[in-house]
Amino acid sequence: NHAYGWKAQLAVDNARKQVGKLFGVPPKTVIFTSGATESNNLAILGLLDFLLEEKSSPHFITDAIEHKAVLQVFELAKKRGAEISVAPVNADGVVDIEQLQRLIKPNTRLISVMAANNEIGSLNPLAAIGDLCATHKIIFHTDAAQAVGRIPLPIDQLQIDLLSLSAHKIYGPKGVGAMIIGPVNRPFKLGSLMV
């Protein structure tokens, strides 16, 4: 049993290195989850818990055609004390940077915008959103489940702080996902979803 445990840990460590290499990040920034849905919950609610501990009243922004795995979590975040804004998208289903900028307030702490839409395939301007977040020191989360393996996602260059993915979207096993955590725009911690 001891040898099996060692081999399993070696396999997990190797997988963490492979995922880290895909995004150009150190393996220690890769947190395995049960999928993008859990990763989205961890990003949004974990961040909210951290911000509420600091006694701040955070404002979170997302867009109108996010996956329900983000929109439903935003609704829960609102019930728990976050102020929520929803950015419109243009006729192509892409977030308009100017509209997004208009929604920013002094207490805006998170912008969560998917990399690629799961229904219409539109690609959001991640680099421009990352620049906007960097300028205002806002944490940038992206649900990249539909984009991983299809478009480059160098999170440092795109200034992404939190990235969610599901393994089965890239021919990996179902029930496995990851959260890439790399504070680029401002320091933060994530609260735990379970105790």
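To be clear, the structure that these remarks concern was listed above.
Keep in mind it's a predicted model, so treat the numbers as computed, not measured.

Thresholds applied
Residues numbered from 1 in each chain as written. Predicted model: local features only at pLDDT ≥ 70, side-chain atom pairs only at ≥ 80, totals over all residues. Heavy atoms only, no water. Helix = DSSP H or I, 4+ residues; strand = E, 2+ residues; numbered from the N terminus. Areas by Shrake-Rupley, 256 points an atom, 1.4 Å probe, with all protein chains shown as cover. Lys, Arg positive; Asp, Glu negative; His and termini not counted. Charge placed at Lys NZ, Arg CZ, Asp CG, Glu CD. Pairing = 2+ DSSP bridges. Right-handed = clockwise from strand over helix to strand, strands pointing away. Buried < 20%, exposed > 50% of the residue type's maximum accessible area, 1.4 Å probe, protein only. Contact = heavy atoms within 4.5 Å. Expected span 1.5 Å × (residues − 1).

Participant: Can you tell me about the overall build of the protein chain, naming the residues and giving the values?
Facilitator: Secondary structure summary: the protein chain contains 6 helices and 7 strands in total. Counted from the first residue to the last, the protein chain has its helices and strands arranged as α-β-α-β-α-β-α-β-α-β-α-β-β. When the accessible surface of the protein chain is split by element, carbon and sulfur atoms take 55% of a total near 10,100 Å². Charge centroids of the protein chain, computed over 19 positive and 17 negative side chains, lie 7 Å from each other.

Participant: So what about the pairing of strand S3 (residues 83–87)? Which residues, and what values?
Facilitator: Alignment of strand S2 (residues 59–63) against S3, held across 5 bridges, turns out to be parallel. If you follow His59 over to S3, its bridge partner there is Glu83. Since S2 and S3 lie parallel, the crossover through helix H3 (residues 68–79) that links them has a hand, and here it is right-handed.

Participant: So what about the side chain of Ser39? Which residues, and what values?
Facilitator: Mapped onto the secondary structure, Ser39 falls in helix H2 (residues 36–53). Given the relative accessible area of 0%, Ser39 is considered buried. Apart from residues no more than four positions distant in its own chain, Ser39 is found in contact with Thr33, Ser164, Leu165, Ala178 and Met179.

Participant: So what's going on with H2? Residues and values would help.
Facilitator: Helix length check: H2, at 18 residues, gives a terminal C-alpha distance of 25 Å against a target of 26 Å (1.5 Å per residue), a fit within 8%. H2 sits mainly inside the fold: 13 of its 18 residues count as buried. Looking one or two residues beyond H2, the residue adopting positive phi is Lys55, at roughly 65°.

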